[in-house]
Amino acid sequence: MAAAGGAGPGRPVYFVDGCRTPFLKARGMPGPFRAADLAVAAGRALLARQPFPPELLDEVVLGCIMPGPDEANLARIVAMRLGCGPRVPAWTVQRNCGSGLQALHSAAQAIACGRSELVLAGGTEAMSRAPLLLGDELVELLAELARARSLGTRLRVLARLRPRHLVPVSSLQRGLRDPICGLGMGQTAEGLASSFGISRVRMDAFAVESHRRLAEAEDLGHLEERVPLFGPDGARYDRDEGLRRDTDLAGLARLRPAFEPPHGVITAGNSAQISDGAACLLMASGAAVRRHGLPVLGRMEACHWAGLEPERMGLGPVHAMAPILARRGLGSADVDAWEINEAFAVQVLACLDAWQSPEYARAHLGLDAPFQAIDPGRLNVDGGGLALGHPVGCSGARIVLHLLQVLRRRRARLGMAALCIGGGQGGAMLVHGAEGLDPEEPGGADGAGGADGADGADGADGADGVDGGAGRDRGAR
Amino acid sequence: MNAGRDAFRHWRLDPDPGGILWLSLDRADSSSNTLSVDVLAELGRVLAQVVRLRPRGLVLRSAKPDGFSPGADIGEFARLAGAAEALAHCQLGQALFTALAQLPMPTVAMIHGPCLGGGLELALACRRRVASDAPGTRLGLPEVRLGIHPGFGGSVRLTDLLGPAPALDLMLSGRQLSARAALRMGLVDAVVPERQLARAAAALLGPEARPRRTLAQRAHRLLGHWPARPILAGWLRRRVARSVDPVHYPAPFALVALLAAGRSGGGTADRFLAEARSVAQLGTGSTARSLVRVFQLQERLKGLALDRHGAPAPRCVHVAGAGALGGVFAAWCALQGRLVTVQDPDPERLASLLARAGELFRRQLKDPREVRAAMDRLLPDPDGAGAGRADLVLEAIGEDLEAKRTLYRALEPRLRPEAVLASATATLPLERLADGLARPERFLGLRIFQPVAGTRLVEVAAWSGTGRDAADRAAAFVGAIRRLPLPVRAGPGGLVHRVLVPYLMEALLLVGEGVAPAEIDRAAEAFGMPVGPVLLADSMGLDTCLALARGLGPACGIPAILEALVAAGHLGRASGQGCYRFQAGRPVRPRLPAPRPGGGLEQRLLLRMLNAAVACLRTRVVADEDLLDAGLVFGAGFAPFRGGPMGHIRQEGPGRQEQLLAALADQHGPRFTPDPGWGAL
């Protein structure tokens, strides 16, 4: 932390504030909002309550996997619509399900290295609006038709048209299938269920609990980062539509396997829902926090990305979280709250099993000893993607934002957010809640332990782009 | 060829190597090209020079960035002494434009920005026209709004170019066309992006650029010939008579008469003469005088909006209360480019506001991208977060003193130091609302009238504690959203309500006496009010009227029938039943017998209003007669051709009006007692 507070690399990065839209359930037809509309709704509510005008942002970074055809470089569209003006650059990042988290990480890197002071970052996805594509054969036919000069040639080309050519291709379905191993995401989940021996009942129970926790959070008003969505037709959306309060084990047990019928165990009930939503966070340097008198929601400590076999992509969080804790000498108990995105119930359960497995630690993580089990009372305390939905490009930003809210509510310090990423990756981010942070101090040092010089060693670790000053004084794992 | 660059004050001739002569209009000492006598007089010498230079073609353009030409100089026109002078003025313009039209080489007018009235007549004297596709390009002949019609040959040339039906439509409505609409109609020959204007103009000079007309355009031109022409004129006259009164508004009828008289083929000189005579006669009539005065009042109010500090117009607006008034005002502000946050505890009201705003934007903007941008500027803000960034905060919640004060207590600590805090209250005294504010000097009243999108006036009500700075900022803001600010002294009712409500009460008294509402409204409409008082009261809401009348004090006289209707829940249009019964939002109006002679209704209604106007002037609610008239014309639609209440009093003679009042007071009671202010008139 030699450079703490200075303009050089490694400046601390603060989370100031954040908003998300309600998550709208995809209903088999295009939803009421495009991806950019969703991000604008979240972003403008966020910016309206800031003491500085949007033009002062240095950058807008948004994650989105499938922007609409009119949304090339969606982040720039959103920035312009938010009133940032022409001078604020913006870019869109794509790391599949990690896109939202990647946006936060990219923003943090820009702040840490001194390039930016204030960045709007987040993610958005309108999965219901994933385009339908024409098949390759039809596209070739149409191209030939366009080239054809005479009526005869045209008729000959048209004569080759077959009904099967007219079946559209769902870009969503294509996107959810791994192009390397050829498995759909649901099929990789089936693989985890069988290799970790996780029963359908255990998965379904996990899903029921996700709904129960979300319902409770809703009732207690714990989803305060959510702002209502208003349609131009006067429609209002202020609830997460995925929540089913009547979900129970018996009901889930009746569902048919969604991916590998008839013997599979992964159903629509124990998989994340397909939905539309956006989340935006405001991130700032210590200097910007002080200059504008901004509140501090937390500080980014570290971010790590890991790769593994595409077939086992669901275990990505384990691979991404382990190095962060290992490097800092932290254990499971040092982390006060966890958000592991629920793509599939089995995938989170497999992560929990692998996390405490000595064999897995040795074979895959290069650690002599595994971590302690993660306390279920600290994991996804307000439910997750199973109940809420998983708008792929948005979820990374949502879990970090909600994690910061949980830390604030519990007056707790360290939180870990992680998700699995299609294609065989994992992403994880360690954050420090507002508790014990003193942004007035130029270094933004942890009030409890003070700046820890030894953390400078993290600077040598390329993966750990932005390491603040979380203390090593928090003890061994 | 040497054009003698510095020979002219208002015009410039630039030859180019291709043989094209570029004639630029650049009126000296003015930022816009109004066509003054000076400018016109010089055009004669310019054209003589053009003939000497013998270019291959001539392009006429404006050197002003703000547009081609907004038309004749209204101030100059208003100063013309009599019909003879006006006739001479028109004939000068006609002669010059005819000289331009008869130049031996091809001519093209190159149009950007406003090209209106005399400016469009000038462009029409060129053989071809090309316009920029920018949204600022507007073409039209709005003279009818000043009680006259085109007088520099425009009515003749437009009719010959487009055919009588589209030409008359344009001149009768006074509406302004976008470049695209002008192209569709055949008014311009090409529409191009501004960056291509010069090249497009040059191309139109070439021999290959023959005009291409659509079938519809050709058909319209055919209608200009006998025998279609007189039939069309008869039809148009009946159509015009349905919407306006020939005594109040003679100009539309004069236009139709010109069409009927004109003979296709020969007699162009006769048609020009008829046009000039008609304008000269109209221009010296009382309607045109009044309408020109109203136009000048409007310019004066616009002038009041110019921020004297040169500070930028407010960008962010926060509106508390998404009800009828606040919500529509918020949508209007967003339409006018402001960033608006709307606070309301009821999310349903916010949602319905957005639906209404969406409709307004789609109707006004059409382009889906602009509609989306306007929607993006209008942010529902349940928690009132936007107050902290707003330059102006408008409170438009229900008329409850304590609720308003509570809201101010919550809002004020979050306001920026230079923000203005305004209340839309119509009935509560500003002094009492200001009580308890930490910085009362930035507090004032902004009184908006229904319908917000239709009524152009906003009263800026300063109370004794309002700082000059806040009042200036508020006026600048009103101007920035294209409304007219009227500075009034705070007090119950402001200006418009104080003058209007006694008139509404008199109408309701008449209803109580058994006169049919439709009969009362007919009398007021015959006088020239856009909506009769009974229907207006029903539309404003009878409960609102009652509250306003109570706020004005006992002298106002509250009719028993008003209290009874409100007590019964018959609140007017909103509840479906008031003095009228409403079906699907429209009043059910019975067929009426012929009007009773004598006109007692009109007198009772009108004199209450005039008496209140004189009282407002005496108590200096507004600074002078002009502002009073501006307030009632733009805020309440008072017959503009009568020039507002004071204009009407001046025309009719104050002494006579006072006598009538005294007579009414004897007959109906002290509410007609002439105000002491009459003596000073």
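Residues numbered from 1 in each chain as written. Chains lettered and ligands numbered in written order. Predicted model: local features only at pLDDT ≥ 70, side-chain atom pairs only at ≥ 80, totals over all residues.

Draft legend 1. Quick look at the overall build of chain A. Across its full length, chain A carries 15 helices and 14 strands. When each of the 477 residues of chain A is scored for burial, the buried share is 56%. The contacts of chain A with a sequence gap of at least 6 include a subset with a gap of at least 24, amounting to 80%. (Helix = DSSP H or I, 4+ residues; strand = E, 2+ residues; numbered from the N terminus. Buried ≥ 20, exposed ≤ 12 C-beta atoms within 10 Å, placed from the backbone. Contact = placed C-beta atoms within 7 Å.)

Draft legend 2. Inspection of the interface of chain A and chain B at higher detail. Counting residues at the interface gives 16 residues for chain A, matched by 18 residues for chain B. For the side of chain A that touches chain B, the per-class residue count stands at eight nonpolar, two polar and six charged. (Nonpolar A, V, L, I, M, F, W, Y, C, P; charged D, E, K, R; others polar.)

Draft legend 3. Just the sheet that holds strand S7 (residues 114-116) of chain B, in detail. Residues and elements named next belong to chain B. Taken in spatial order, the three strands line up as S7-S9-S10 in an open sheet, and their pairing is mixed. Across the chains shown, the open sheet's two edge strands, defined by having one partner strand only, are S7 and strand S10 (176-177). Inspection of the sheet shows strand S9 (residues 138-140) paired to S10 by two bridges, in the antiparallel sense. Bridge assignment links Leu-139 to a residue of S10, and that residue is Leu-177. (Pairing = 2+ DSSP bridges.)

Draft legend 4. Quick look at the nonpolar core. Grouped together as the largest cluster of nonpolar side chains are 368 residues, with contacts concentrated most on Met283(A) and Val400(A). With twelve residues, helix H20 (residues 496-512) of chain B is the single largest residue contributor to this core. For Met283(A), the residues in contact, after removing those within four places along its chain, are Val13(A), Tyr14(A), Phe15(A), Val16(A), Ala107(A), Ala108(A), Ile111(A), Val119(A) and Ala121(A). (Core = buried A, V, L, I, M, F, W, Y, C linked by C-beta atoms within 7 Å.)

Draft legend 5. How the structure looks around H20(B). Under the 1.5 Å per step criterion, the end-to-end length of H20(B) is 24 Å for 17 residues, consistent within 8% with the ideal 24 Å. Positioned one or two residues after H20(B), Gly514(B) has a phi angle of 105 degrees, which is positive. (Expected span 1.5 Å × (residues − 1).)

Draft legend 6. How the structure looks around the domain arrangement of chain B. Residue and element names in this part refer to chain B. Annotation of chain B at the domain level lists domain 1 (11-284), domain 2 (310-491) and domain 3 (497-680). Between domain 2 and domain 3, the C-alpha centre-to-centre distance is 29 Å. Contacts between the two partners involve 13 residues from domain 2 and, on the opposite side, 13 residues from domain 3. Considering every element that reaches the side of domain 2 that touches domain 3, the biggest residue donor is strand S19 (residues 484-489), with four residues. Grouping the constituent residues of the side of domain 2 that touches domain 3 by class yields six nonpolar, four polar and three charged. (Domains from an automatic or database assignment.)

Draft legend 7. The arrangement of the environment of Ser171(A) in detail. Residues and elements named next belong to chain A. With respect to the helices, strands and loops of the structure, Ser-171 is situated in helix H6 (residues 171-175). Considered as a pair, Ser-171 and Met-127 are 44 residues apart in the sequence and their alpha carbons are 9.9 Å apart. Discounting chain neighbours no more than four positions away, the residues touching Ser-171 are Met-66, Ala-130, Pro-131 and Leu-133.

Draft legend 8. Region of interest: the sheet that holds strand S16 (residues 420-423) of chain B. Residues and elements named next belong to chain B. Pairing within the open sheet is mixed, and its eight strands lie in the order S14-S13-S12-S15-S16-S17-S18-S19. The open sheet has two free edges, formed respectively by strand S14 (378-380) and S19, since each of these has just one partner strand. Averaged over all pairs of adjacent strands, the angle between strand axes in this sheet comes to 25 degrees, irrespective of strand direction. Relative to strand S15 (residues 392-395), strand S12 (residues 316-320) runs parallel, the two being bridged by four bridges. Following the sheet pairing, Val-319 is matched in S15 by Leu-394. Packed on one face of the sheet, helix H19 (residues 468-480) meets S15, S16, strand S17 (443-448), strand S18 (457-462) and S19 and runs near 175 degrees to S18. (Axes fitted to C-alpha atoms, helices over the stretch in contact; angles between N-to-C directions.)

Draft legend 9. Local environment of the pairing of strand S1 (residues 11-15) of chain B. Residues and elements named next belong to chain B. Relative to strand S2 (residues 20-25), S1 runs antiparallel, the two sharing five bridges. The residue bridging Trp-11 from the neighbouring strand is Leu-25, located in S2. If you look at the hairpin formed by S1 and S2, you'll find four residues sitting between the two strands, and Gly-19 has a positive phi there, around 90 degrees.

Draft legend 10. Quick peek at the packing of helix H5 (residues 154-162) of chain B against helix H6 (residues 164-173) of chain B. All names here are of chain B. H6 packs onto H5 with a crossing angle of 135 degrees between their chain directions and a minimal axis gap of 7 Å. Taken together, the axis directions place H5 and H6 in an arrangement best described as oblique. Both H5 and H6 take part in a crossing whose hand is right-handed. Here Ser-155, Leu-158, Thr-159 and Leu-162 of H5 lie close against H6, whose contacting residues are Pro-164, Pro-166, Ala-167, Leu-170 and Met-171. Partitioning the contact of H5 with H6 into residue classes produces seven nonpolar, two polar and no charged. (Parallel < 35°, antiparallel > 145°, perpendicular 65-115°, else oblique. Left-handed = near helix turned anticlockwise from the far one by under 90°.)

Draft legend 11. Region of the structure containing unusual backbone geometry. Pro261(A) connects to Pro262(A) through a cis peptide bond whose omega is 5 degrees. Within the secondary structure layout, Pro262(A) lies in the loop between helix H9 (249-253) and strand S10 (275-285). For Arg411(A), which is not a glycine, the phi torsion comes out positive at approximately 50 degrees. With respect to the helices, strands and loops of the structure, Arg411(A) is situated in the loop between helix H15 (392-409) and strand S13 (414-421). For Lys366(B), which is not glycine, the phi dihedral falls at a positive 65 degrees. Relative to the helices and strands, Lys366(B) is located in the loop between helix H15 (347-365) and helix H16 (368-377). Overall, the presence of 10 C-beta atoms within 10 Å leaves Lys366(B) in the exposed class.

Draft legend 12. Representation of the confidence of the model for chain B in the model. Here chain B averages 90 in pLDDT, while 96% of its residues score no lower than 70. Model confidence for the complex is summarised by a pTM of 0.87, with the ipTM given as 0.85. (pLDDT = per-residue confidence, 0-100.)

Draft legend 13. Seen up close, the pairing of S15(B). Residues and elements named next belong to chain B. Covered by surrounding structure in S15 are Leu-392 and Leu-394 together with Val-393 and Glu-395, the residues of both alternating faces. Relative to S16, S15 is paired through four bridges, and the arrangement is parallel. Across the sheet, the residue bridging to Leu-394 is Ala-422, located in S16. In this view, the connection linking S15 to its parallel neighbour S16 by way of helix H17 (residues 401-411) has right-handed handedness. (Right-handed = clockwise from strand over helix to strand, strands pointing away.)

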